[in-house]
Amino acid sequence: MSRDLQSENALKAWAFLIVLALVWGSSFILIKRGLEVFSPGEVGAFRIVAAGIFLLPLSLPRLKSLNSRQVKNLIIVGFVGSFIPAFLFAKAQTQLSSSLTGVFNAMTPLFVVVIGALFFNSKITRRNSLGLFIAFVGVVLLLIVKEGSGFGSFGDINVYAFFVLLACACYGVNLNIIKFRFVELKPVAITAISLTMVLPLALIYLFAFTQFSFKLLHVEGAMLAAGYLTILGVVGTALALILFNVMVKVATPVFASSVTYLIPIVAILWGVWDGEVLLLGHYIGIAAVIFGVWVGNRR
């Protein structure tokens, strides 16, 4: 490979990294805007509907070539990789700031390691263990530091943070399934088809069991909130996943995974801009989580 081509690939990789960090880091403020009008269930379902419909042109031509084993695994991926986390993040942000939600989301790589060791015969190294411990300390601190008081004031544990951690665990299961059970399918196809598998359920729930349609027509600000959620589904879920897969091709997996450390920074900046209060204890916890994830995830 020529030096010019290497330089071009490096510039592309950095551009993709910055765009992805901005897009995924902005997901949490978009959820927050959606929740101003819609319920957590409506936010989660509409996010899946928007992403699933957008990716139908990619998924439908590939459905005929799937075997029964692939269909079963793609249904699982659709649920644990998209459907369930969409609802969990929306539920969490009813009582958790968008900035802290973005920080907790950074735990995903460590959950990948833990789930892999528990269920997929992967090994946890000493470095993984150290990173888990550091990040765990940061999470505990974020759970107990009480907003509206000084660093030394601790409140009750915010149980809504566990919704985010459960979503991270779902992502951990999802990524291990993709790694160990999908050798023949490309990541973009996996994303598109898995979303198609859960799209009917999201549509049925959204229009038959919620007030989404009524709110869209009669509640002030509903169209704008739906617009934010459409951006979340189409750009933050569908296009971002495709862009991430393209980035992996022009950069190393280690470089691609570094987006994990930039997402919380973007989420925090959006949160502070939106008036969210972060205390000194929060910043210490945030630093511990990001440092722990870096220690546990680096080669």
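Residues numbered from 1 in each chain as written. Predicted model: local features only at pLDDT ≥ 70, side-chain atom pairs only at ≥ 80, totals over all residues. Heavy atoms only, no water.

### So, the overall build of the protein chain
Each helix and strand in the protein chain was counted, giving 14 helices and zero strands. Written out in order from the N terminus, the α and β elements of the protein chain read α-α-α-α-α-α-α-α-α-α-α-α-α-α. Classification of the 299 residues of the protein chain by burial places 50% in the buried group. Taken as a whole, the protein chain presents about 14,600 Å² of accessible surface, with 68% of it coming from carbon and sulfur. (Helix = DSSP H or I, 4+ residues; strand = E, 2+ residues; numbered from the N terminus. Buried < 20%, exposed > 50% of the residue type's maximum accessible area, 1.4 Å probe, protein only. Areas by Shrake-Rupley, 256 points an atom, 1.4 Å probe, with all protein chains shown as cover.)

### Some details on the nonpolar core
Counting 73 residues, the largest nonpolar core has Phe38, Phe104, Met107, Ile286 and Val289 as its most contacted members. Sequence-distant contacts of Phe38, that is, excluding residues within four places in its chain, are made with Val43, Phe212, Lys215, Leu216, Ala222, Ala225, Ala226 and Leu229. Membership of the second largest hydrophobic core comes to 11 residues, among which are Val77, Phe182, Leu185 and Ala189. (Core = buried A, V, L, I, M, F, W, Y, C linked by side-chain atoms within 4.5 Å. Contact = heavy atoms within 4.5 Å.)

### What about helix 7 (residues 126-144)?
Taking 1.5 Å per residue, 19 residues should reach 27 Å; helix 7 reaches 27 Å between its end C-alpha atoms and fits that length. Residues of helix 7 that are buried: Asn128, Gly131, Ile134, Ala135, Gly138, Val139, Leu141, Leu142 and Leu143. (Expected span 1.5 Å × (residues − 1).)

### Considerations on the packing of aromatic side chains
Tallying each qualifying case throughout the model produces 11 aromatic pairs. Here Phe46 and Phe212 contribute two aromatic rings whose centre-to-centre distance is 5.0 Å and whose plane-to-plane angle is 25 degrees, an arrangement assigned as stacked. Placement of the pair is Phe46 in helix 3 (residues 40-59) and Phe212 in helix 10 (residues 212-218), with a sequence separation of 166 residues. Considering the side-chain rings of Phe207 and Phe212, the 6.0 Å spacing of their centres and the 85 degrees angle between planes classify their relative orientation as edge-to-face. Phe212 sits in the buried class, given a relative accessible area of 2%. Linked through ring pairs, Phe38, Phe46, Phe207 and Phe212 together constitute an aromatic cluster. (Phe/Tyr/Trp six-rings, centres within 6.5 Å; stacked < 30°, edge-to-face > 60°.)

### Observations concerning the confidence of the model for the protein chain
Predicted confidence across the protein chain gives a mean pLDDT of 86, with 89% of residues reaching 70 or more. Overall, residues 148-153 carries pLDDT values under 50, and its contacts beyond four positions in sequence, including any with other chains, amount to nine contacts. (pLDDT = per-residue confidence, 0-100.)

### Overview of the pattern of salt bridges
Applying the stated criterion across every chain yields a total of five salt bridges. A salt bridge links Lys32 to Asp274; the shortest N-O distance between them is 2.6 Å. Residue Lys32 is found in helix 2 (residues 27-35), and its partner Asp274 is found in the loop between helix 13 (259-273) and helix 14 (280-297); the two are separated by 242 residues along the sequence. For Lys32, a relative accessible area of 23% puts it in the partly exposed group. With a shortest N-O distance of 2.5 Å, Asp274 and Arg33 are connected by a salt bridge. Of this pair, Asp274 sits in the loop between helix 13 and helix 14 while Arg33 is found in helix 2, placing the two residues 241 residues apart along the sequence. For Asp274, a relative accessible area of 25% translates into the label partly exposed. Residue classification places Arg33 among the buried residues on the basis of a relative accessible area of 17%. (Salt bridge = Lys/Arg side-chain N within 4 Å of Asp/Glu carboxyl O.)

### A look at the side chain of Gln70
On the secondary structure map, Gln70 appears in helix 4 (residues 68-92). With near-sequence residues (within four places) excluded, Gln70 lies in contact with Ser65, Phe182, Glu184 and Leu185.

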